[in-house]
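# Chains, contacts and geometry: an overview
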Amino acid sequence: MAALTAVGTILMGRLEQARTQAVFESYAQDSIQRLNDRIEGFVRTLDGAGAFFAASTFVSEQDWRAYVEILDIDINLPGVLGLGFISLVQEGDASGFRQQSLSRGYIPPPIYPDTGLPERYVIEYIEPIETNRPAIGLDIGFEEGRRTAALRARETNTVQLTPPIKLVQDNESKAGFLL
């Protein structure tokens, strides 16, 4: 009888373990689907921003601010700290970049850091500006993961995700990423 009880206990334990595993896998799949849906929402937002730039002769700082305000990212894109526009600046063309910005009524900040690379990927606009001001003028090419994602995005015309990074505007040093 004791042997039967032991076997029964073992079988019940295995059955409970299988049920627990099935519940865990269900929660994990649900979490993965929610994460994929959230990222898809981010991608659609970036596609909309690309269409906004493509359909415009130029987009001013005020136009970008209005676009991001209408999106209401705090409500509609939880977790997004900001939406920015990155300009490609070729080596030796910082003055041309500055002139182009000035012609649009925008005074660009100095580009930093000096990477010495032939191409610079400079954050020109980012909103909300209040929390993202330190990122304005940043050459995201200063760090390999950011630069690789920017190059791949440009070469493939697809959205790319950086590896985990520390955002320059984040004083709490939490892991973030650029999409």
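Provided above is the structure to which this section pertains.
Anyway, here's the lowdown on the structure attached to this text. (Residues numbered from 1 in each chain as written. Predicted model: local features only at pLDDT ≥ 70, side-chain atom pairs only at ≥ 80, totals over all residues. Heavy atoms only, no water.)

This paragraph deals with the side chain of Arg 146. Tracing the backbone through its elements, the reader meets Arg 146 in helix α6 (residues 144–156). By relative accessible area, which is 4% here, Arg 146 ends up buried. One polar contact links the side chain of Arg 146 to the main-chain carbonyl oxygen of Lys 166, over a distance of 2.7 Å. The contact partners of Arg 146, leaving out residues within four places of it in the chain, are Leu 138, Ile 140, Thr 162, Ile 165, Lys 166 and Leu 178. (Helix = DSSP H or I, 4+ residues; strand = E, 2+ residues; numbered from the N terminus. Buried < 20%, exposed > 50% of the residue type's maximum accessible area, 1.4 Å probe, protein only. Polar contact = N/O pair within 3.5 Å; in protein donor to acceptor, adjacent residues only side chain to side chain. Contact = heavy atoms within 4.5 Å.)

Bringing the pattern of salt bridges into the picture now. Overall, the coordinates contain 8 salt bridges when judged by the stated rule. Glu 16 is the partner of Arg 19 in a salt bridge, and the nearest nitrogen-oxygen pair spans 3.6 Å. Taken together, the residues span about one helical turn, with Arg 19 and Glu 16 both in helix α1 (residues 2–54) at a distance of 3 residues. You can call Arg 19 partly exposed: its relative accessible area is 46%. Here Arg 65 makes a salt bridge to Glu 127, at a shortest N to O gap of 3.1 Å. Taken together, the residues Arg 65 in helix α2 (residues 61–71) and Glu 127 in strand β2 (residues 119–127) connect sequence positions 62 residues apart. Each of Glu 61, Arg 65 and Glu 127 takes part in one network of salt bridges that share partners. (Salt bridge = Lys/Arg side-chain N within 4 Å of Asp/Glu carboxyl O.)

Turning our attention to unusual backbone geometry. In most cases, non-glycine residues show a negative phi, while peptide bonds are predominantly trans. In this model, Tyr 112 is joined to Pro 113 through a cis peptide bond whose omega is -15 degrees. In this fold, Pro 113 is placed in the loop between α4 (94–103) and β2. Cis geometry is adopted by the peptide bond preceding Pro 128, which originates at Glu 127 and carries an omega value of -5 degrees. For Asp 72, which is not glycine, the phi dihedral falls at a positive 50 degrees.

Restricting attention to buried positions, one finds in α2 the residues Trp 64, Tyr 67 and Val 68. Buried residues of α2 fall within an arc of 90 degrees about the axis and therefore sit on the same side. Facing away from the buried side of α2 by more than 90 degrees, the exposed set consists of Glu 69 and Ile 70. In the stretch just after α2, Asp 72 is the one whose phi turns positive, near 50 degrees. (Arc of directions from axis to C-beta.)

This brings us to the side chain of Arg 120. Here Arg 120 shows up in strand β2. A polar side-chain atom of Arg 120 sits 3.2 Å from a polar atom in the side chain of Asp 139. Dropping the residues within four chain positions of it, Arg 120 is found in contact with Ser 87, Leu 88, Val 89, Ile 111, Tyr 112, Pro 113, Asp 114, Thr 115 and Asp 139.

Within β2, 8 of the 9 residues are buried, leaving the element largely enclosed by the surrounding structure. Of the strand pairs in this sheet, strand β1 (residues 83–90) and β2 are connected by 8 bridges, and their pairing is antiparallel. Residue pairing for β2: Leu 88 is matched across the bridge by Tyr 121. (Pairing = 2+ DSSP bridges.)

Here we take up the environment of Asp 114. Turning to its location among the elements, Asp 114 is positioned in the loop between α4 and β2. Among the residues examined, Asp 114 registers a relative accessible area of 68% and is labelled exposed. Taking the C-alpha atoms as reference points, Asp 114 and Gly 141, 27 residues apart in sequence, are found 9.7 Å from one another. Within polar-contact distance, the side chain of Asp 114 engages the backbone nitrogen of Gly 116 at 3.2 Å.

Attention now goes to the packing of aromatic side chains. Any two aromatic rings considered together are summarised by their centre-to-centre distance and by the angle between their planes. This structure, assessed with the given rule, holds 6 aromatic pairs. On the numbers, 6.0 Å between centres and 65 degrees between planes, the contact of Phe 52 with Phe 53 is edge-to-face. Accessibility expressed as a relative area gives 23% for Phe 52, which makes it partly exposed. The interplanar angle of 50 degrees and the centroid separation of 5.5 Å between the aromatic rings of Phe 53 and Trp 64 together place this pair among those described as tilted. One end of the pair, Phe 53, is in helix α1; the other, Trp 64, is in helix α2, and 11 residues separate them in sequence. (Phe/Tyr/Trp six-rings, centres within 6.5 Å; stacked < 30°, edge-to-face > 60°.)

Geometric descriptors of this kind do not, in isolation, establish any biological role.
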